[in-house]
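Read off the chains here:
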Amino acid sequence: GIQVEQSPPDLILQEGANSTLRCNFSDSVNNLQWFHQNPWGQLINLFYIPSGTKQNGRLSATTVATERYSLLYISSSQTTDSGVYFCAVEARLTFGEGTQLTVNP
Amino acid sequence: NAGVTQTPKFQVLKTGQSMTLQCAQDMNHEYMSWYRQDPGMGLRLIHYSVGAGITDQGEVPNGYNVSRSTTEDFPLRLLSAAPSQTSVYFCASSGKTASGNTIYFGEGSWLTVV
């Protein structure tokens with residue numbers, strides 16, 4: 001099956017910093033989504049982005065389907081951004097292992 | 001708008017016991033699925049359904065059964081619980097929106113098998 005790799009596995013930032021999270025996938029995909037899992041375990045859909053670029057406030061995402069990667073940008077990070085960020089691909093959603101983000105005040 | 005509702009939120013089982021995790025959605029989504037999440041890992045697909053009366057296996061289906069008698073409900077049954085099934089279980093449903101195929105997760109069910 002398709003493989004999904006995320007990097008970095010852990011990231012610690014000071015509030016206000018910017019960050020880039022990466023998701024590589026091993027085959028072409030028709031579906032790619034980014035999720036945020038908050039410290040209480042809730043999973044929130046951030047972007048549906050099989051290709052192209054989308055922005056939502058301080059977050060934006062870009063997927064380059066031909067090169068099999070996607071990037072999630074977080075600007076001016078806040079403590080509420082802490083948690084685990086997952087990318088998942090294809091209709092039945094194969095998840096990467098996530099990036100644990102900690103934003104310190 | 002309740003979204004995806006899972007019950008129970010917490011459960012402790014003894015090895016060999018059976019139980020059902022309930023999942024209901026009120027968004028009229030055709031696609032529903034169950035995942036498990038083990039510590040430090042992403043979610044793994046257990047079973048999924050593309051509509052009432054249709055179910056299929058995901059990546060880790062052994063030890064679990066599902067059924068889909070209505071569009072709204074998608075229960076997950078543990079037939080004979082084992083300690084390896086200690087995990088957090090998430091139910092999800094998805095449907096097309098203006099933004100694409102948006103998936104909604106329930107709040108999770110924490111299951112411990114002793």
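Here, every reference points to the structure presented above.
Here goes a summary of the coordinates provided. (Residues numbered from 1 in each chain as written. Chains lettered and ligands numbered in written order. Predicted model: local features only at pLDDT ≥ 70, side-chain atom pairs only at ≥ 80, totals over all residues. Heavy atoms only, no water.)

## A look at the overall build of chain B
Here is the rule: In this text, helices come from DSSP runs of H or I with a minimum length of four residues, and strands from runs of E with a minimum of two, each type numbered from the N-terminal end. The globule rule is 2.2 Å times the number of residues to the power 0.38, and the radius of gyration it is compared with is taken over C-alpha atoms. Exposure is judged per residue with a 1.4 Å probe applied to protein chains only, and the accessible area is read against the type maximum: over 50% gives exposed, under 20% gives buried, and values in between give partly exposed. Should any heavy atoms of two residues lie within 4.5 Å, those residues are counted as being in contact. Per-residue accessibility takes into account occlusion by the displayed protein chains alone, with areas from the Shrake-Rupley method and a 1.4 Å probe.
For chain B, the helix and strand inventory stands at zero helices and eleven strands. Listing each helix as α and each strand as β along chain B from the N terminus yields β-β-β-β-β-β-β-β-β-β-β. Radius of gyration (C-alpha) of chain B: 14 Å, near the 13 Å computed for a compact globule of 114 residues. Considering only C-alpha atoms, chain B reaches an extent of 45 × 30 × 25 Å along its principal axes. The 114 residues of chain B split such that 49% are buried. Considering only intrachain contacts with a sequence separation of at least 6, the fraction spanning at least 24 residues in chain B is 51%. As displayed, chain B has an accessible area near 5300 Å², and 52% of this comes from carbon and sulfur atoms.

## Some points on the sheet that holds strand β8 (residues 69–74) of chain A
Residue and element names in this part refer to chain A. Cut-off, in case you're wondering: Following DSSP output, two strands are said to pair if at least two bridges run between them. For every element, the axis is a line fit to its C-alpha atoms; helices are fit only across the contacting stretch, and the angle between N-to-C directions ranges from 0 to 180 degrees.
The strand order β1-β3-β8-β7-β6 describes an open sheet built from five strands, whose pairing is antiparallel. The open sheet has two edge strands, β1 (4–7) and β6 (52–56), and neither has a second partner. Averaged over all adjacent pairs, the angle separating strand axes in this sheet is 15°, with direction ignored. As judged from the five bridges shared by β6 and strand β7 (residues 59–64), these two strands associate in the antiparallel manner. Following the sheet pairing, Gly52 is matched in β7 by Thr63.

## Things to note about the state of the cysteines
Working definition of a disulfide: a covalent bond connecting the sulfur atoms of two cysteines. All names here are of chain B. For the record, the criterion: A pair of cysteine sulfur atoms is labelled a disulfide when the two atoms are within 2.5 Å.
In total, this model carries two disulfides over all chains according to the counting rule given. The disulfide that involves Cys23 links it to Cys91, with 1.8 Å between the sulfurs. Across the S-S bond linking Cys23 and Cys91, the dihedral sits near -75°, which makes this disulfide left-handed. Residue Cys23 is located in strand β3 (residues 19–25), and its partner Cys91 is located in strand β9 (residues 87–97); the two are separated by 68 residues in the primary sequence. Taking relative accessible area as the criterion, Cys91 reaches 0% and is therefore assigned buried.

## Remarks on the interface of chain A and chain B
Note the threshold: By buried area we mean the combined loss of accessible area, with a 1.4 Å probe, across both parts when two parts are placed together. All amino acids are sorted into three groups, where Ala, Val, Leu, Ile, Met, Phe, Trp, Tyr, Cys and Pro are nonpolar, Asp, Glu, Lys and Arg are charged, and the leftover types, Gly among them, are polar.
Tallying the contact residues gives 17 residues for chain A and 19 residues for chain B. Counting the surface chain A buries against chain B, the share from its top three residues, Leu43, Arg92 and Phe95 of chain A, is 37%. Considered class by class, the residues forming the side of chain A that touches chain B number eight nonpolar, six polar and three charged.

## A closer look at the layout of surface pockets
Applied cut-off: The distinction between a cavity and a pocket rests on a 1 Å grid over the protein atoms alone: a 1.4 Å probe fits inside a cavity but cannot get out, while a pocket stays open yet meets protein on both sides within 12 Å along at least five of seven lines, and a residue with an atom within 4 Å of a point counts as lining. Grid points are joined across faces, edges and corners, and a volume is the space filled by probe spheres set on the points.
Looking at the largest pocket, its volume works out to about 450 Å³. Along the walls of the largest pocket sit 20 residues, with Ile2, Thr94 and Phe95 of chain A together with Leu43 and Glu59 of chain B positioned nearest its centre. Elements supplying a minimum of two residues to the lining of the largest pocket: β1 and β10 (94–95) of chain A together with β5 (43–51) of chain B. Broken down by class, the residue content of the lining of the largest pocket amounts to eight nonpolar, six polar and six charged.

These figures capture arrangement, not role.
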